[in-house]
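Architecture at a glance
Here is how the chains run, residue by residue.
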Amino acid sequence: MLPVFIGHDNRIAIQTNVCMSSIAEKASVPVALIPLRLETLPITRRGLTTFTYARFLVPWLMGFKGRALFLDSDILVNCDVAEIFRHVENMAEDKAVYVADVQPEFERAAVMVFDNEHPHNRILTPEFIEKTDAHLHLLQWTDRVGLLPMSMNHCIGYARPRPVADLQILHWTMGSPIWPETADSEHAEVWHAARKRMCSVGTTWPDFMAKSVHAKIGPDGKPVPKYKVV
């Protein structure tokens, strides 16, 4: 099972849900989707979002075992997430963390594959993250940084526009298109299509439930929920 941590801020919960739904839609293997909610974690440090610093807890939360992916919530995954893990496995390098070499540089920390067992990541404890002066978003805790393709962190508004078919991860770092100010951002229609799929119902109640133990035949001969039949 692939562990995927997603930053969660209660003020913009829809972003987390769209991100998780986009992963679930395309995953070819079991995936553990784990929202990082500051209120449940052993740090209080926050920045623009409540998960600004919580992201760096991933190796500690994993018990410094295995690999794990972190994603900002303003992201849509446009590929099988297993492809991202396979990319790292195929590189077989001695790296603590893998990121795309995007600009602005601090946005590299929006998509990180951690090798949780790498000794450099042992420093990423709650105490260190809470108090350090190191610029964590510039990955200053390690010099063992591997590279992901730029298509795995396409920073909308900063990166040169590209067809969505060429992108594995779309990142609305200036704000996902939920606000008037960002409604015209690149590939906004792709994000909204994912939101609509997340909220959609693709079947009727009779088609889905009529043959279940929760249904009975009503007075008109049609299946209805049991609570409607006296």
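Check the entry above for the structure.
First, a word on what this report is: a plain description of the structure on this page. Every chain begins its residue count from 1, and numbering advances along the sequence as written. Where totals are concerned, whole chains, interfaces and linings use all residues; where local detail is concerned, this predicted model gives features only for residues with pLDDT of at least 70, and gives and counts side-chain atom pairs only at 80 or more. The basis for the side-chain values is all heavy atoms of the structure; hydrogens and waters are excluded.

Focus on unusual backbone geometry
- The omega angle of the peptide bond from Gln103 to Pro104 is -5°, so this bond is cis rather than trans.
- Secondary-structure assignment places Pro104 in the loop between strand S5 (97-100) and strand S6 (111-115).
- Residues other than glycine seldom take positive phi values, yet Phe64 does so here, at roughly 55°.
- Tracing the backbone shows Phe64 in the loop between helix H2 (58-61) and strand S3 (67-71). Secondary structure elements follow DSSP: runs of H or I of four or more residues count as helices, runs of E of two or more count as strands, with numbering from the N terminus.

Concerning the packing of aromatic side chains
- Only the six-membered ring of Trp is used, alongside the rings of Phe and Tyr, when aromatic pairs are assigned; centres must lie within 6.5 Å, and planes under 30 degrees apart are stacked while those over 60 apart are edge-to-face, with the rest tilted. Within the structure shown, the criterion is met by 2 aromatic pairs.
- Centre to centre, the rings of Phe56 and Trp141 are 5.7 Å apart; their planes meet at 70°, and the pair counts as edge-to-face. You can see Phe56 sitting in the loop between strand S2 (31-37) and H2 and its partner Trp141 sitting in the loop between helix H4 (126-131) and strand S7 (145-148), a full 85 residues away along the chain. For the pair formed by Phe56 and Trp141, the shared burial category is buried.
- Ring centres of Phe114 and Trp141 lie 6.3 Å apart, and the angle between their planes is 25°; this geometry places the pair in the stacked category. Linking Phe114 in strand S6 with Trp141 in the loop between H4 and S7, this pair joins segments that are 27 residues apart in sequence. Trp141 matches Phe114 in its accessibility class, with the two residues each being buried.
- The rings of Phe56, Phe114 and Trp141 are connected pair by pair, giving a single aromatic cluster.
- Comment: the charge-over-ring label is applied if NZ (Lys) or CZ (Arg) is within 6 Å of the ring centre and within 35 degrees of the ring normal. The ring centre of Tyr53 lies 3.9 Å from the NZ or CZ of Arg45, which sits over that ring. Buried residues are those whose accessible area, probed at 1.4 Å on protein chains only, stays under 20% of the maximum for their type, while exposed residues exceed 50% and partly exposed ones sit between those limits.

These figures come from the coordinates and say nothing about function on their own.
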